[in-house]
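Report on the structure
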Amino acid sequence: MSNIKIMALGGLGENGKNLTVVEVNKKIFILDAGMRYPDIDMYGVDLVIPNIDYLIQNKQNIQGIFISHGHDENVGAIPYLLKQLHAKVYATHFTISIIESMLAEHHLNIKDYKLYRINPSRVMNFGDVEVSFFNTTHSLPESIGISINTKDGCIVYCTDFNFSSVNDNKYQTSFDKITDLGKKKVLAVLSESVNSGVTGRITNDTLLEHHYNNILLHNKKRIFVAAYVSDLIRIQKIIDLSALSGRKVCVLSKKNERIFKVATSYNYLNIPSDNLLNVEDYTKEELEELENVVFIIAGTRNEPYSLLVKMALDEAFNLKFKNDDKVVLMCPPAPGIEKHANDSINILSEYDINFTIFDRDILRSQHASPEDLKLLYTMLKPKYIIPIKGEYRQMYDQFLVAKSANFDKSKVLLLDNGEIVTFEDGVLVAENEIISTGDVFIDGTSIGVVDSDVIKERTLLAEEGVIFIYGVIDMRLRQISGELTVKTRGFTHSFSYDELSTIITGLAEKLINNYFKKKTWSLDAVKVGIIEETQKLIFRFTKHRPIIVPILIEI
Ligand SMILES: [Zn+2]
């Protein structure tokens, strides 16, 4: 019998940074290690990863990191984790290839790390615990669910999935394996919440097929489709439909685009050889004259939009839009890039480019709908449901879905990051332990150097601006040499420069001269005094709190 702890170090109440921990008799199994894109007010932060202090403290108990699929939200923290934990990583071929590519980007030697390509039909043994896998349908190939099988039942981790039918076996769900798990005892299912609030029935890509076929029918010249490379399943769909209509196809992406690189080097994107178009075989003039061709412009986040704008300006891929081109935007903006997308669409309009937008009504979500979740519950028959992955309202939506599927509400456990659910011999322990978690901000390639004080400072800089006060201090004569000068950056006020300068230098001079009268004093103390007093003064006049930087040079 066992002591089982389940907790998330990230991913609950937020979009991304998914990291769940299942601990069975102290053996730690890490499920996913994702990153999150920074909020709009996290100035200068490139990405956010979970705080993994708990894992570092219990390093010796880690059995492995199991990754469900290759999206940044699930795998993006791996290089940072491996630098600190050096644990074994298990994932499918495609996902491990993504990880290898990430490590190379961090200038880490792949050979120094224990990365294992698993066959999802394999069962792994960790003494009294087994780990098994099942294929799921999602936007990247070889996505999997993970089951931690204990004597008290299985803990099934099923993130980022949907149950639509697909023909390509790289994307097919292994329903048999899921129902097999259901025949065993499932103690808890940890299922994603992202899409649990949608209403209406989610269909497969029939709408997309209909709309895209319509575009193929009416546009015989060049078609450009902008897409997210993270949505590989749909890029393949566009390739298939284009090829079926006899078009030549070419997929273009930024150099070193990670998913694209892995997908092309391991043949995860299939373009029939008769339909393959290679831009390098043509001159710019020849490319302009081509007909019956489809160019897929793929990228992450705002890249598809940036690339389209560059093409409008004749700055990308040797391809410039013409009047008879057709552009299809198959990339509904992800949270945080709405403005960039909107600005880009405005530019396309200014350049009179003929475009059509496929919105989320046409592009069905690749995440589990309420119906998918209910089907999952039916197949697994879990004792408990733990909603993961999503903002709190989305997790609550899953709670409602479970309730509507006749689950007792006490069996649906809504947790926060760091909140530990414990089962003793399969019985839920009433009180939840809490461990500290939180965000680690990554700035460039360094880790954890951006603490919250720095973020606050950057926020002030961005919102309130900065005032520099320059001066030269003659230490021997105890006087200011020459004049103090003031410069501002990003600080808005209703004063003229001369007024502001007079107010600030007057105050600073008074403070410095007061210090000169004292027996002992240091330049640092003078600077602190200037910062504090100037801040008070500026706030009194302007109600703003810019950062004050006195630069005093001793001679
Ligand atoms: Zn995903």
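Before reading on, note that the structure itself is shown above.
Quick summary incoming for the structure in this document. No experiment lies behind these values; they were computed from the predicted model shown. (Residues numbered from 1 in each chain as written. Predicted model: local features only at pLDDT ≥ 70, side-chain atom pairs only at ≥ 80, totals over all residues. Heavy atoms only, no water.)

Following both chains from N to C, one finds helix H5 (residues 175–183) and helix H12 (residues 370–380) inclined at 55 degrees, their axes separated by 7 Å at the closest point. By the angle class used here, H5 and H12 are oblique. Within the contact between the two elements, H5 uses Phe175, Ile178, Thr179, Leu181 and Gly182 and H12 uses Leu376, Met379 and Leu380. In terms of residue class, the contact of H5 with H12 is made up of six nonpolar, two polar and no charged. (Axes fitted to C-alpha atoms, helices over the stretch in contact; angles between N-to-C directions. Helix = DSSP H or I, 4+ residues; strand = E, 2+ residues; numbered from the N terminus. Parallel < 35°, antiparallel > 145°, perpendicular 65-115°, else oblique. Contact = heavy atoms within 4.5 Å. Nonpolar A, V, L, I, M, F, W, Y, C, P; charged D, E, K, R; others polar.)

On to the sheet that holds strand S11 (residues 153–158). Judged by pairing direction, the sheet is mixed, and its six strands sit side by side in the order S8-S9-S10-S11-S12-S18 without closing on themselves. Strand pairing shows two members of the sheet lacking a second neighbour, strand S8 (124–126) and strand S18 (384–388), which therefore form its edges. Neighbour-to-neighbour, the strand axes of this sheet turn through a mean angle of 20 degrees, independent of strand direction. Both strand S10 (residues 143–150) and S11 contribute to a ladder of five bridges, which runs antiparallel. Counted as the bridge partner of isoleucine 146 is tyrosine 157 from S11. (Pairing = 2+ DSSP bridges.)

The next point concerns the packing of aromatic side chains. Scanning the entire structure with this criterion turns up 16 aromatic pairs. When the centroid spacing of 5.5 Å and the interplanar angle of 70 degrees are considered together, the rings of tyrosine 377 and phenylalanine 407 count as edge-to-face. Of this pair, tyrosine 377 sits in helix H12 while phenylalanine 407 sits in the loop between helix H13 (392–404) and strand S19 (419–424), placing them 30 residues apart in sequence. For phenylalanine 407, a relative accessible area of 18% puts it in the buried group. Above the ring of tyrosine 37, the side-chain terminus of arginine 301 is found at 3.8 Å from the ring centroid. (Phe/Tyr/Trp six-rings, centres within 6.5 Å; stacked < 30°, edge-to-face > 60°. Buried < 20%, exposed > 50% of the residue type's maximum accessible area, 1.4 Å probe, protein only. Lys NZ or Arg CZ within 6 Å of the ring centre and 35° of its normal.)

A separate point is unusual backbone geometry. Notably, histidine 86 is not glycine yet its phi reads approximately 50 degrees, a positive angle. On the secondary structure map, histidine 86 appears in the loop between helix H3 (78–85) and strand S6 (89–91). Its relative accessible area of 38% is what places histidine 86 among the partly exposed residues. We note that arginine 301 has phi near 45 degrees; this positive angle belongs to a residue other than glycine.

What follows is about the coordination of the zinc ion. Protein-derived coordination of the zinc ion comes from His69 (NE2), His71 (ND1), His138 (NE2) and Asp160 (OD), at a distance range of 2.1 to 2.2 Å. For the zinc ion, the four donor atoms in the first shell make angles of 87 to 164 degrees at the metal, a pattern classed as irregular. The sequence pattern formed by the donor residues of the zinc ion is H-x1-H-x66-H-x21-D. In this pair, histidine 69 sits in the loop between strand S5 (62–66) and helix H2 (72–75) while histidine 138 sits in the loop between strand S9 (129–136) and S10, placing the two residues 69 residues apart along the sequence. In this structure, histidine 69 and histidine 138 share a single accessibility class: buried. (Donors = N, O, S within 2.8 Å, 3.2 Å for Na, K, Ca; no water. Tetrahedral: all angles 85-135°; square planar, octahedral: opposite > 155°, others 65-115°.)

For the rest of this paragraph, the subject is the layout of surface pockets. If you add up the space inside the second largest pocket, you get close to 500 Å³. Taken together, 20 residues form the lining of the second largest pocket, with Cys250, Val251, Leu252, Phe260 and Thr264 sitting closest to its centre. Every element with two or more residues in the lining of the second largest pocket is listed here: strand S14 (248–253) and helix H8 (258–265). At four residues, S14 tops the list of elements feeding residues into the lining of the second largest pocket. Class assignment for the residues of the lining of the second largest pocket results in 10 nonpolar, five polar and five charged. (1 Å grid on protein atoms, 1.4 Å probe; cavity = no way out; pocket = protein on both sides within 12 Å on 5 of 7 lines; lining within 4 Å. Points joined across faces, edges and corners; volume = space filled by probe spheres on them.)

Relative orientation of the contacting elements helix H6 (residues 206–218) and helix H7 (residues 232–244) amounts to 45 degrees, with a least axis distance of 11 Å. Classified by the angle their axes make, H6 and H7 are oblique. Relative to H7, H6 is oriented so that their crossing is right-handed. Taken together, the residues of H7 that come into contact with H6 (itself represented by Leu208, Glu209, Tyr212, Asn213 and Leu216) are Arg234, Lys237, Ile238, Leu241 and Ser242. Residue composition of the contact of H6 with H7, by class: five nonpolar, two polar and three charged. (Left-handed = near helix turned anticlockwise from the far one by under 90°.)

For the rest of this paragraph, the subject is the side chain of threonine 92. Following the sequence through the fold, threonine 92 ends up in the loop between S6 and helix H4 (93–105). If we ignore the near neighbours within four places in the chain, the residues touching threonine 92 are Ile118, Pro120, Glu142 and Ile144.

Tracing the chain through its elements places arginine 258 in helix H8. Take arginine 258: its relative accessible area is 19%, and that puts it in the buried class. With near-sequence residues (within four places) excluded, arginine 258 lies in contact with Asp72, Ile98, Ser101, Met102 and Glu105.

By definition, a disulfide links the sulfur atoms of two cysteines through a covalent bond. For the structure shown, the criterion picks out zero disulfides. Looking at the unpaired cysteine 158, the closest cysteine sulfur is the one in cysteine 154, lying at 13 Å. We note that cysteine 250 lacks a disulfide partner, and the nearest cysteine sulfur, in cysteine 331, lies 17 Å from it. With relative accessibility at 5%, the residue cysteine 250 sits in the buried group. (Disulfide = S-S within 2.5 Å.)

Another point: helix H11 (residues 338–350). Taking 1.5 Å per residue as the helical rise, H11 with its 13 residues ought to reach 18 Å, and the 18 Å between its terminal C-alpha atoms agrees with that figure. Buried within H11 we find Ala341, Ser344, Ile345 and Leu348. Considered in projection along H11, the buried side chains sweep an arc of 100 degrees and stay on one side of the axis. In H11, the exposed residues that point more than 90 degrees away from the buried face are Lys339 and Glu350. In this fold, the buried residues of H11 make contact with helix H10 (303–312), strand S16 (326–330) and strand S17 (355–357). (Expected span 1.5 Å × (residues − 1). Arc of directions from axis to C-beta.)

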